[in-house]
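One letter stands for each residue in the lines below.
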Amino acid sequence: MAQLRQDYQEFVNRHAEIIAVGPEDAETFTAYWHKEQMPFVGLPDHKHTVANLYGQKVDLLKLGRLPALIVVDKNGKMRYTHYGNAMSDIPENSEILSLLDELNKETA
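On a predicted model such as this, the values are computed, not experimentally measured, just so you know.

**Observations regarding the overall build of the chain**
Link 1 in the chain: Scanning the chain from terminus to terminus reveals five helices and six strands.
Link 2 in the chain: Beginning at the N terminus, the succession of helices and strands in the chain can be written as α-α-β-α-β-α-β-β-β-β-α.
Link 3 in the chain: Relative to the globule expectation of 13 Å for 108 residues, the C-alpha radius of gyration of the chain, 14 Å, shows essentially globular dimensions.
Link 4 in the chain: Its C-alpha atoms give the chain principal-axis dimensions of about 40 × 25 × 25 Å.
Link 5 in the chain: With 108 residues in all, the chain has 29% of them scored as buried.
Link 6 in the chain: Intrachain contacts of the chain at a sequence separation of at least 6 include 37% that bridge at least 24 residues.

As structure tokens, then:
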């Protein structure tokens, strides 16, 4: 999430919003969010309701919930999905920012 925080303004400049969904309970999640000063929306999901809706994988041998990144357009359509196979398997921000540039061209 540090890389998302670092480039957050670039996402905003492309009319995108980041929503991070975490496996912690509300109290733990909120404490982390404030400590790390995350500028985007965070959603605690300790019952895995949202994670299950979007098919996020869980592998207890790999520390639990694996990374997932989903781009949903303004009409609610999933335009990009990435399901990580390891905790470090996360797309670079530049890849997602380029995708957003393309999506914005489509709607211009």
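**Some points on the side chain of Asn93**
Link 1 in the chain: Mapped onto the fold, Asn93 is located in helix α5 (residues 93-107).
Link 2 in the chain: Contact partners of Asn93, with chain neighbours within four places excluded, come to Gln3, Leu4, Asp7 and Phe11.

**Looking at the side chain of Asp45**
Link 1 in the chain: The residue Asp45 is located in the loop between β2 (41-44) and α4 (49-53) in this model.
Link 2 in the chain: A distance of 3.2 Å separates the side chain of Asp45 from the backbone nitrogen of Val50, its partner in a polar contact.

**Some remarks on the pairing of strand β6 (residues 78-83)**
Link 1 in the chain: Strand direction decides the pairing type here: strand β5 (residues 68-72) and β6, joined by five bridges, are antiparallel. The partner of Ile70 across the bridge, within β6, is Thr81.
Link 2 in the chain: Counted along the chain from β5 to the antiparallel partner β6, the turn is five residues long, and its residue Gly76 has a positive phi close to 85°.

**Examining the nonpolar core**
Link 1 in the chain: Phe11, Ile18, Trp33, Phe40, Val71, Ile96 and Leu100 are the most contacted members of the largest nonpolar core, which totals 17 residues.
Link 2 in the chain: Breaking this core down by element, the ones donating at least two residues are α2 (8-13), α3 (26-36), β5 and α5.
Link 3 in the chain: Element by element, the count of residues in this core is highest for α5, at four residues.

About the cut-offs
Residues numbered from 1 in each chain as written. Predicted model: local features only at pLDDT ≥ 70, side-chain atom pairs only at ≥ 80, totals over all residues. Heavy atoms only, no water. Helix = DSSP H or I, 4+ residues; strand = E, 2+ residues; numbered from the N terminus. Rg over C-alpha atoms; globule rule 2.2 N^0.38 Å. Buried < 20%, exposed > 50% of the residue type's maximum accessible area, 1.4 Å probe, protein only. Contact = heavy atoms within 4.5 Å. Polar contact = N/O pair within 3.5 Å; in protein donor to acceptor, adjacent residues only side chain to side chain. Pairing = 2+ DSSP bridges. Core = buried A, V, L, I, M, F, W, Y, C linked by side-chain atoms within 4.5 Å.

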